[in-house]
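Working through the structure, step by step
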Amino acid sequence: MNRKISGVILLAVFVSFFLGCSERGSKEEAKEKPKQDSVQRKEAIDFTLTDLDNVERTLSAQKGSVVVVDFWATWCPPCKVEIPYLKNMYDSYKDQGLVMWGVGLDDEAKLRKFAGDFEINYPILVGTRALGQQYDVQGIPTTFIFDKSNRIAFKHVGFAAGMEKSFEEEIKQLLNE
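Residues numbered from 1 in each chain as written. Predicted model: local features only at pLDDT ≥ 70, side-chain atom pairs only at ≥ 80, totals over all residues. Heavy atoms only, no water.

In this section: the sheet that holds strand S5 (residues 66-72). Strands sit in the order S2-S10-S9-S5-S6-S7 across an open sheet of six strands; the sheet is mixed. Here the strands that pair on one side only, and so sit at the sheet edges, are strand S2 (42-43) and strand S7 (124-126). Pairing of strand S9 (residues 142-146) with strand S10 (residues 151-157), which is carried by five bridges, proceeds in the antiparallel orientation. Looking at the pairing, Thr-142 lines up with Val-157 of S10. Against the sheet, helix H3 (residues 77-93) engages S5, strand S6 (98-104) and S9, with an angle of about 155 degrees to S6. Each of S5, S6, S9 and S10 touches helix H6 (residues 163-175); the most contacted strand, S10, lies at about 175 degrees to it. (Pairing = 2+ DSSP bridges. Helix = DSSP H or I, 4+ residues; strand = E, 2+ residues; numbered from the N terminus. Contact = heavy atoms within 4.5 Å. Axes fitted to C-alpha atoms, helices over the stretch in contact; angles between N-to-C directions.)

In structure tokens:
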């Protein structure tokens with residue numbers, strides 16, 4: 001009996017690790033994938049946040065670029081797995097017009113230490129709960145990929161190995177539009 005309970009607990013921990021860190025269940029949202037027809041894309045909610053270098057970053061100022069905005073936290077295991085892939089994608093595509101921002105949902109001191117420890121090579125913005133609510137971030141990481149017209153083209157909730165291939169295909173598609 002104790003072995004069965006231990007097995008169920010281990011399975012639950014494993015599943016939650018790969019689906020993302022969430023305050024509420026996000027299984028249905030993880031399955032959701034916006035349609036890619038440009039008519040179907042939703043206009044982004046504009047925002048301005050300050051990064052760790054005290055530079056204000058405004059989404060609407062990025063029109064003409066493909067923008068990846070990744071909502072994450074320092075305590076989230078899938079976020080720690082995702083970040084090295086994001087760093088590599090940023091290095092590969094920044095010269096082609098890719099903008100990447102990490103929106104950290106922690107206090108600035110924790111974000112600063114984490115960004116240094118992980119040698120994050122793209123701007124880390126200090127996020128707000130209000131922005132997360134505006135974008136309906138229910139689990140982290142939640143990654144939005146915006147097209148060159150500041151419309152939400154793709155949304156991903158959670159992260160597991162292999163998802164980076166979808167990210168890269170989507171980024172390439174949008175860069176070529």
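Below, the discussion takes up unusual backbone geometry. Here the amide bond leading from Ile-140 into Pro-141 is cis, since omega sits at 0 degrees, within 30 degrees of zero. Mapped onto the secondary structure, Pro-141 falls in the loop between strand S8 (139-140) and S9. A positive phi angle, close to 50 degrees, is found at Glu-119, a residue other than glycine. Within the element layout of this structure, Glu-119 appears in the loop between helix H4 (108-117) and S7. In this model, Asp-136 sits at a positive phi of 55 degrees, which is unusual for a non-glycine residue.

As a further point, take the side chain of Ser-65. Position of Ser-65 relative to the elements: it lies in the loop between strand S4 (56-58) and S5. Discounting residues that sit within four places of it in the chain, Ser-65 has contacts with Gly-97, Val-99, Phe-146, Asp-147 and Lys-148.

The subject of this paragraph is the environment of Gln-138. With respect to the helices and strands, the residue Gln-138 is situated in the loop between helix H5 (129-134) and S8. Sequence separation of Gln-138 and Val-157 is 19 residues, and the distance between their C-alpha atoms is 8.3 Å. Among the polar contacts listed, one links the side chain of Gln-138 to the side chain of Asp-136, at a separation of 2.8 Å. (Polar contact = N/O pair within 3.5 Å; in protein donor to acceptor, adjacent residues only side chain to side chain.)

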